Amino acid sequence: MTPAEAAKTLGNSNDRVRVHNLSVVLRLVHRTGGVPRSSLTRQTGLNRSTVAALVGELVERQLVVEGEPDARNQVGRPSPMTLPGDRPVGIAVNPEIDAITVGVVGLGGRVLRRVRRATAVIPTAEQAAEITADIVAELRAELEPAHRVFGIGVAVPGLVRVADGLVRLAPHLGWENQPFAAMLARATGLPVRAANDANLGTLAESTFGAGRGVSDFIYLNGGASGIGGGILAGGELLFGADGYAGELGHTIVTRNGIRCHCGGAGCLETEVRREPLLELLGLDDADADELEAALLASDDRAVLAEVHRQLDHLGFALGNAINALNPRLIVLGGFLGSISAAEPDHLDRVVAAGPLSAARGQPSIVPTELGASLLMIGAAELALEAVLEDPTLG
């Protein structure tokens, strides 16, 4: 556990830090999706009466609820369960080249609602903010007053300045130096935070998905706007000097390849793409699950050859990342998970052929556990951070 994580896990019985202790308890309930009160006592280091008082206050604020004890694998009297409350929610937004997806996510990473609104053309930042604001207004009319919306988090397929949500460059969207977070805040009247979509996917997967309990892993996602990556190193997201680390989609995988918008040629995201697969399968569009099902059902040799070609490039890029970062786990999301699931042994063989991986031991390569909800959950973490940090806001 890193010092930053420890600071958010250990409580303090001094009354002057009550807000901190409320935050510690609420974060534990949020991350676990529900925890026995006895476990809260053990994990926070606080005494039982203090934990009981903190839980009581969180219940009053409708941030948690208490449920029936879980008697499984317990010795003695079972302890009441403390569960995430239904009232607090965050709005998650993911603008893409062909649609804008907006979700409602509660504590514990629970996706309560998701709306995908297709766009006829690639939206400008202003158009995306307007469309999103309309969807948010409709959702709030359904949600309130039973739920309280604490803010909006945006997962952007591009480079984002985390401090203020300025989109420095989202090349597939055609956005450059667009203050999207500020635009959306003005349009909705809610606080808005934005970050790179792959980094948020990494955060979600490490909190609620396949990366739980793993301090060093790589998340790589393939979507309509290309391939993005996130890196967890020593339990912390690797941002780089300006927050732009993890651009694994621009790993060079072949010489004299397709020209990329970044100025290079033969980048992973120009050689590994969803569109050739859809064309060969005769599909106009498909999400990751639909694409995987179609690939698994296909016996077309041309489809198999294209899958192998893309996996060869993907395996080459992963081998480089493994040699540089030495992760314990690689999580594949979006259509990368689809092509990997279609021929998992092929990808394993390509990665295992790397010059250093055999000597160190190959990390596990797995699909995301969160599926289509991944970016909704990751973006909502930005929206819910305020109440997690200070539960008295509830």
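Because the structure is predicted, anything quoted here is derived from the model rather than measured. The numbering scheme is per chain: residues are counted from 1 as the chain's sequence reads. The model is predicted, so local features are restricted to residues of pLDDT at least 70 and side-chain atom pairs to those at 80 or more, both for listing and for counting; the totals for chains, interfaces and linings are taken over all residues. Only hydrogens and water are removed before side-chain values are computed, so all heavy atoms of the structure are retained for them.

Student: Give a description of helix α13 (residues 344-352) that names residues and reports values.
Tutor: Along α13, the residues classified as buried are His346, Leu347 and Val351. The buried residues of α13 occupy one face: seen down the axis, they fall within an arc of 130°. In α13, the exposed positions angled more than 90 degrees off the buried face are occupied by Asp345 and Arg349. Remark: exposure states derive from per-residue accessible area (1.4 Å probe, protein chains only) relative to the maximum for the residue type, with buried under 20%, exposed over 50%, and partly exposed in between. Labels follow the DSSP assignment, with helices taken as runs of H or I lasting at least four residues and strands as runs of E lasting at least two, numbered in each case from the N terminus. Note that the arc is computed from the directions linking the helix axis to the C-beta atoms.

Student: Lay out the environment of Val121 with the relevant residues and their values.
Tutor: Here Val121 lies in the loop between β6 (110-118) and α5 (125-143). Considered as a pair, Val121 and Leu173 are 52 residues apart in the sequence and their alpha carbons are 10.0 Å apart.

Student: An account of the packing of aromatic side chains is needed here, citing residue identities and associated values.
Tutor: The rule is short: rings of Phe, Tyr and Trp, with Trp giving its six-membered ring, pair when the centres are within 6.5 Å, and they are stacked under 30 degrees, edge-to-face over 60, tilted in between. Scanning the model with the defined rule gives one aromatic pair in all. Taking the centre distance of 5.1 Å and the plane angle of 35° together, the rings of Trp175 and Phe180 count as tilted.

Student: I'd like a rundown of the pattern of salt bridges, residues and numbers included.
Tutor: A pair is scored as a salt bridge if a Lys or Arg side-chain nitrogen falls within 4 Å of a carboxyl oxygen belonging to Asp or Glu. Per the stated rule, a full pass over the model turns up 17 salt bridges. Between Arg37 and Glu66 there is a salt bridge, with its nearest N and O atoms 2.7 Å apart. Taken together, the residues span a long stretch of sequence, with Arg37 in helix α3 (residues 37-44) and Glu66 in strand β2 (residues 64-67) at a distance of 29 residues. Across the pair Arg309 and Glu306 runs a salt bridge whose closest N-O atoms are separated by 2.9 Å. Linking Arg309 with Glu306, this pair stays in helix α11 (residues 301-325), spanning three residues, or about one helical turn.

Student: Kindly report on the side chain of Ser79, identifying the contributing residues and their values.
Tutor: Relative to the elements of secondary structure, Ser79 occurs in the loop between β2 and β3 (81-84). According to the relative accessible area criterion, Ser79 is buried, its value standing at 10%. A 3.5 Å cut-off defines polar contacts: any pair of N or O atoms within that distance qualifies, except that in protein one atom must be a possible hydrogen donor and the other a possible acceptor, and neighbouring residues in sequence count only when both atoms are side-chain atoms. At 3.2 Å, the side chain of Ser79 forms a polar contact with the backbone nitrogen of Arg37. Side-chain polar atoms of Ser79 contact the backbone nitrogen of Ser38, separated by 2.9 Å.

Student: A description of the state of the cysteines should follow, citing residues and the corresponding values.
Tutor: Put plainly, a disulfide is one covalent bond tying together the sulfur atoms of two cysteines. Two cysteine sulfur atoms form a disulfide, by the criterion used here, when they sit within 2.5 Å. Considering all chains together, one arrives at zero disulfides under this definition. Considering cysteine sulfurs only, Cys262 is the nearest to Cys260, which forms no disulfide, with 3.6 Å between them. Assessed through its relative accessible area of 45%, Cys262 is described here as partly exposed.

Student: Account for α5, naming residues and giving values.
Tutor: Between the first and last residue of a helix there are one fewer steps than residues, each counted as 1.5 Å, and that sum is the expected span. Counted at 1.5 Å a residue, the expected span for α5 with its 19 residues is 27 Å, and the 26 Å between its end C-alpha atoms agrees. For α5, every residue scored as buried is listed here: Ala125, Ala128, Ala129, Thr132, Ala133, Ile135, Val136, Leu139 and Leu143. Among the structural elements, β4 (88-95), β5 (99-106), β6, β7 (148-156), β10 (175-178) and α6 (180-188) are those in contact with the buried residues of α5. Contact definition: two residues touch when any of their heavy atoms are within 4.5 Å.

Student: An account of the sheet that holds strand β11 (residues 192-196) is requested, with residue identities and associated values reported.
Tutor: In short, DSSP must find at least two bridges between two strands for them to pair. The mixed open sheet is built from five strands, whose spatial order is β6-β5-β4-β7-β11. Lying at the two open borders of the sheet, with one neighbouring strand each, are β6 and β11. Direction aside, the axes of adjacent strands within the sheet are offset by 20° on average. Summarising the sheet, β7 and β11 pair through five bridges and their orientation is parallel. Residue Val154 lies in a different strand from β11, and its bridge partner there is Ala194. Contacting β4, β5, β6 and β7, α5 crosses the sheet at an angle of about 35° to β5. In this analysis, axes come from line fits to C-alpha atoms, helices being fitted only over the stretch in contact, and the angle between any two N-to-C directions falls in the range 0 to 180 degrees. The strands touched by α6 within the sheet are β4, β7 and β11, with β11 carrying the most contacts at an inclination of about 150°.

Student: Give a detailed account of the sheet that holds strand β9 (residues 166-170), specifying residues and quantitative values.
Tutor: Backbone-to-backbone hydrogen bonds pair the strands of a sheet. The strands run either parallel or antiparallel. Strand order in the open sheet formed by three strands is β8-β9-β10, with antiparallel pairing between adjacent strands. Every interior strand has two partners, whereas the edge strands, β8 (159-161) and β10, have only one. For this sheet the average axis-to-axis angle between neighbouring strands, irrespective of direction, equals 15°. Strand direction decides the pairing type here: β8 and β9, joined by three bridges, are antiparallel.

Student: Account for unusual backbone geometry, naming residues and giving values.
Tutor: Along the chain, Glu144 connects to Pro145 via a cis peptide bond; the corresponding omega equals 10°. Phi at Asn256 takes a positive value of approximately 55°, unusual for a residue other than glycine. Note that Asn256 resides in the loop between β14 (236-237) and α8 (268-271).

Student: For the packing of α5 against α6, give the residues involved together with the corresponding values.
Tutor: Between α5 and α6, the least distance of the axes is 9 Å, while the angle of their chain directions is 40°. Considering their axes alone, α5 and α6 lie oblique with respect to each other. Between α5 and α6 lies a crossing whose hand is right-handed. Within the contact between the two elements, α5 uses Ala125, Glu126, Ala128, Ala129, Thr132, Ala133, Val136 and Arg140 and α6 uses Phe180, Met183, Leu184, Ala187 and Thr188. Gly counts as polar in this scheme, as do all residues outside two lists: the nonpolar Ala, Val, Leu, Ile, Met, Phe, Trp, Tyr, Cys and Pro, and the charged Asp, Glu, Lys and Arg. Within the contact of α5 with α6, the residues separate by chemical class into nine nonpolar, two polar and two charged. Any angle that falls under 35 degrees is termed roughly parallel, while one over 145 is termed roughly antiparallel, one within 65 to 115 roughly perpendicular, and all others oblique. Left-handed describes a crossing whose near helix is turned anticlockwise from the far helix by less than a right angle; the clockwise case is right-handed.

Student: An account of the side chain of Glu96 is needed here, citing residue identities and associated values.
Tutor: One can find Glu96 in the loop between β4 and β5. Residues counted as positive are Lys and Arg, residues counted as negative are Asp and Glu, and His and the chain ends are not counted. Despite its burial, Glu96 remains without a salt bridge, the nearest opposite charge being carried by Arg274 at 7.6 Å.

Student: Give a description of the nonpolar core that names residues and reports values.
Tutor: Residues belong to one nonpolar core when they are buried, are Ala, Val, Leu, Ile, Met, Phe, Trp, Tyr or Cys, and are joined through side-chain atoms within 4.5 Å. Ile91, Val93, Val102, Ile152, Val154, Trp175 and Phe180 are the most contacted members of the largest nonpolar core, which totals 30 residues. The greatest single-element share of this core, amounting to seven residues, is contributed by α5. Formed by 29 residues, the second largest nonpolar core is a distinct cluster that contains Leu268, Ala286, Leu332 and Leu336.

Student: Go over the pairing of β10, please, and point to the residues and values.
Tutor: Bridge count for β9 against β10 is three bridges, and the pairing is antiparallel. Within β10, the residue paired with Ala170 across the bridge is Trp175. Counted between consecutive antiparallel strands, the loop separating β9 from β10 contains four residues, among which Gly174 sits at a positive phi close to 80°.

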